[in-house]
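# Results of the structural survey
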Amino acid sequence: MSARPGRAQQQRGSEAAMGLQGVKAVFFDLDNTLVDTAAAGRRAIEEVINVLQSKHQCDEGEAHMICNKVQEKLLKECHDPAKVCITDLRISHWEEAIQETKGGEANRNMAAECYFLWKTTRLQHLTLTEETRSMLTELRKMVRLLLLTNGDKLTQREKIEACACQPYFDAIVVGGEQKEEKPAPSIFHHCCDLLGVQPWDCVMVGDSLDTDIQGGLNAGLKATVWINKTMTMPVNTSPVPHYIISSVLDLPALLQNMDHKMNANLETDKMVSINDVHDSANIESKKC
């Protein structure tokens, strides 16, 4: 006849069934973490280059130069939604790039055509892969999931809609809709409040050291996980993430490994506690 499990063993089994030990929530970045925004952007640029050559009499060099200039402007973009809408700002990027490359009068109509083609094509190629969907579905059985993305509210909401990721999350937070974006601690604490958890219960997963990892550290989260697809370490990496993985699909294994280490530490603590009790009993018996 098999022995009945003790209370501690039953409790550990119950905790394992409910979720991961010590981790109650995982925050995910969107761009280049869950969806390959960079690849979608490259596809969009290819489409614009084709149109610039076939319809607007740009040679190959001019078409590439216009697109390169736009990408540089996007990287340096500083958007204040109170002053200008994101659509007008980005049409202006294309307008300036075309004029800087080809000279002559500004062509707002041509710029708008390029912008909307780029935007539409990029959204069409923003997909949540089947493997990522499955990973999120399984992970959500154990912990609460939240999507935390920086950026203009209209742009990010369009991306979220395009990749249809809403059903996989308990909450979605867009930086452009909040007072502060990542890496400010306030937005992370807002996320914790939404899920009813504490910072030390949460893990942040993202591809940006400056926003995702620094923000998680600033907010006092339990752990930060850096998605580094190349797995090549920059010189003097700062900030330093707790963990590094090459793909978001590696996250469940990492979390399980964290869980096992926590359980091992708990068992060690229990042994220390039991030994302390025995030592105290021996001391008390010697006093008698």
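Calculation notes
- Residues numbered from 1 in each chain as written.
- Predicted model: local features only at pLDDT ≥ 70, side-chain atom pairs only at ≥ 80, totals over all residues.
- Heavy atoms only, no water.
- 1 Å grid on protein atoms, 1.4 Å probe; cavity = no way out; pocket = protein on both sides within 12 Å on 5 of 7 lines; lining within 4 Å.
- Points joined across faces, edges and corners; volume = space filled by probe spheres on them.
- Helix = DSSP H or I, 4+ residues; strand = E, 2+ residues; numbered from the N terminus.
- Nonpolar A, V, L, I, M, F, W, Y, C, P; charged D, E, K, R; others polar.
- Domains from an automatic or database assignment.
- Expected span 1.5 Å × (residues − 1).
- Buried < 20%, exposed > 50% of the residue type's maximum accessible area, 1.4 Å probe, protein only.
- Contact = heavy atoms within 4.5 Å.
- Axes fitted to C-alpha atoms, helices over the stretch in contact; angles between N-to-C directions.
- Parallel < 35°, antiparallel > 145°, perpendicular 65-115°, else oblique.
- Left-handed = near helix turned anticlockwise from the far one by under 90°.
- Phe/Tyr/Trp six-rings, centres within 6.5 Å; stacked < 30°, edge-to-face > 60°.
- Salt bridge = Lys/Arg side-chain N within 4 Å of Asp/Glu carboxyl O.
- Arc of directions from axis to C-beta.
- Polar contact = N/O pair within 3.5 Å; in protein donor to acceptor, adjacent residues only side chain to side chain.

It is worth spelling out empty space enclosed by the protein at this point. Here the structure, examined in full by the defined rule, presents 1 cavity of 30 Å³ or more. A volume near 80 Å³ is recorded for the largest cavity. For the largest cavity, the full set of lining residues is I86, R90, Y115, K119, R122, L123, L154, T155, E158 and K159. Elements supplying a minimum of two residues to the lining of the largest cavity: α4 (86-102), α5 (108-124) and α7 (153-163). In terms of residue class, the lining of the largest cavity is built from 4 nonpolar, 1 polar and 5 charged. Each of domain 1 (25-36 + 127-261) and domain 2 (38-125) gives at least three residues to the lining of the largest cavity.

The subject of this paragraph is α4. The first and last C-alpha atoms of α4 sit 24 Å apart over 17 residues, in line with the 24 Å expected at 1.5 Å per residue. Of all 17 residues in α4, 12 are buried, a share of seventy percent or more. Looking at the buried positions of α4, the neighbouring elements they touch are α2 (37-54), α3 (60-75), α5 and α7. One or two residues past the end of α4 sits G103, with phi positive at roughly 75°.

With that out of the way, let us pick up unusual backbone geometry. For the bond from K182 to P183, the omega torsion is 15°, close enough to zero to count as cis. By the element assignment, P183 lies in the loop between β3 (171-174) and α8 (185-195). Here the phi dihedral of Q57 falls at roughly 55°; this positive angle occurs in a residue that is not glycine. With respect to the helices and strands, Q57 occurs in the loop between α2 and α3. Non-glycine residue M231 carries a positive phi angle of around 55°. Along the chain, M231 turns up in the loop between β5 (223-227) and β6 (243-245). A relative accessible area of 44% places M231 in the partly exposed class.

A separate point is the packing of α3 against α4. Between α3 and α4, the shortest axis-to-axis distance is 9 Å and the interhelical angle comes to 140°. On the basis of their axis angle, the class for α3 and α4 is oblique. Read as a crossing pair, α3 and α4 show a hand that is right-handed. Touching E62, M65, I66, C67, K69, V70, K73 and L74 of α3 are R90, H93, W94, E96, A97, I98, E100, T101 and K102, all from α4. Here the contact of α3 with α4 is composed, by residue class, of 8 nonpolar, 2 polar and 7 charged.

Further remarks concern the packing of aromatic side chains. Aromatic ring pairs are defined here through the distance separating the ring centres and the angle between the ring planes. Per the stated rule, a full pass over the model turns up 3 aromatic pairs. Their ring planes at 35° and their centres at 6.1 Å tell us that Y115 and W118 sit as a pair that is tilted. In this pair, Y115 and W118 both sit in helix α5, 3 residues apart, roughly one turn of the helix.

To continue, consider the pattern of salt bridges. Two side chains with opposite charge may pair up if their charged atoms get near one another. Taken as a whole, this structure holds 15 salt bridges when the rule is applied. Its salt-bridge partner being K182, residue D29 comes within 3.1 Å of it at the nearest N-O pair. With D29 in the loop between β1 (25-28) and α2 and K182 in the loop between β3 and α8, the pair connects residues that are 153 residues apart, well separated along the chain. Judged by its relative accessible area of 6%, D29 is buried. The class for K182 is buried, based on a relative accessible area of 5%. A cluster of three or more residues bridged by salt bridges with shared partners is formed by K69, K73, E96 and E100.

A word on α7. Buried within α7 are the following residues: T155, Q156, K159, I160 and C163. Along α7, the residues classed as buried sweep out an arc of 135° about the axis, all on the same side. Residues of α7 that are buried make contact with α2, α4, α5, α6 (130-139), β2 (144-149) and β3. The N-terminus of α7 is capped by D152, whose side-chain oxygen sits 3.1 Å from the backbone nitrogen of L154. Looking one or two residues past α7, A164 carries a phi angle of roughly 50°, positive in sign.

Function cannot be inferred from these measures alone, as they are strictly geometric.
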